[in-house]
Amino acid sequence: PEASGTVIEGFTLSNSMVDEDDDYGILVRGASDVIIRNCKVSNEGFTDAIRVEDAKNIIIENVTLLNANNGLNIKSSQNVSVKNSTSAKSKNGIN
């Protein structure tokens, strides 16, 4: 998939939901070898601050997730590594 090998680094996403169907801050779907590093995702409208779905070899490090239903939601994925990250003020940290 097109997103394979992507690095998302140094971003702050806050109150950035476009519409009801985009209920996540960052979506990794069907990709491999993706790194999310040194980011902050905060929005009370998100179901998931970060959603990883049908993906493999994902690294999430030094990330802060706030005010979402799920800080990190991992679905049908392999080899997802979470290091030095925080989820706060969310219903679930990792789902």
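The structure reproduced in this document is the subject of the present report.

What counts, and at which threshold
- Residues numbered from 1 in each chain as written.
- Predicted model: local features only at pLDDT ≥ 70, side-chain atom pairs only at ≥ 80, totals over all residues.
- Heavy atoms only, no water.
- Pairing = 2+ DSSP bridges.
- Helix = DSSP H or I, 4+ residues; strand = E, 2+ residues; numbered from the N terminus.
- Axes fitted to C-alpha atoms, helices over the stretch in contact; angles between N-to-C directions.
- Contact = heavy atoms within 4.5 Å.
- Buried < 20%, exposed > 50% of the residue type's maximum accessible area, 1.4 Å probe, protein only.

This next bit is on the sheet that holds strand E12 (residues 92–94). Reading across from one edge, E3-E6-E9-E12 is the order of the four strands in this open sheet, with parallel pairing throughout. Looking at the sheet topology across the chains shown, the edges are occupied by strand E3 (24–29) and E12. Taking the axes of each pair of neighbouring strands and ignoring which way they run, one obtains an average angle of 20 degrees across the sheet. Of the strand pairs in this sheet, strand E6 (residues 48–53) and strand E9 (residues 70–75) are connected by five bridges, and their pairing is parallel. Bridging across to E9, Ile 50 finds its partner in Leu 72.

Attention now moves to the sheet that holds strand E5 (residues 40–42). In spatial order, the strands read E2-E5-E8-E11; together these four strands make up an open sheet with parallel pairing. On the outer flanks of this sheet lie strand E2 (12–14) and strand E11 (86–88), each paired with one strand and no other. Averaged over all adjacent pairs, the angle separating strand axes in this sheet is 5 degrees, with direction ignored. Pairing of E2 with E5, which is carried by three bridges, proceeds in the parallel orientation. Bridge pairing links Thr 12 to Lys 40 in E5.

A separate point is the pairing of strand E7 (residues 56–61). On a regular strand, one side chain projects to one face of the sheet and the next to the other, so that they alternate. Note: strand E4 (residues 32–37) against E7, five bridges, orientation parallel. Paired with Ile 36 across the strands is Ile 60, a residue of E7. Pairing of E7 with strand E10 (residues 78–83), which is carried by five bridges, proceeds in the parallel orientation. Its bridge partner lying in E10, Lys 56 is registered against Gln 78.

Let us look at the environment of Arg 51. Here Arg 51 lies in strand E6. Arg 51 sits 26 residues away from Ser 77 along the chain, and the two C-alpha atoms are 10 Å apart. With residues up to four places along the chain from it excluded, the contact list for Arg 51 reads Asp 23, Tyr 24, Ile 26, Leu 27, Val 28 and Asn 73.

For Asp 54, which is not glycine, the phi dihedral falls at a positive 50 degrees. Within the fold, Asp 54 resides in the loop between E6 and E7. Using a relative accessible area of 45% as the deciding quantity, one classes Asp 54 as partly exposed. In the Ramachandran plot, Asn 62 falls in the positive-phi region, its phi being about 55 degrees despite a non-glycine side chain. Structurally, Asn 62 can be placed in the loop between E7 and strand E8 (64–66). In this structure Asn 62 comes out as partly exposed when scored by relative accessible area, which is 35%.

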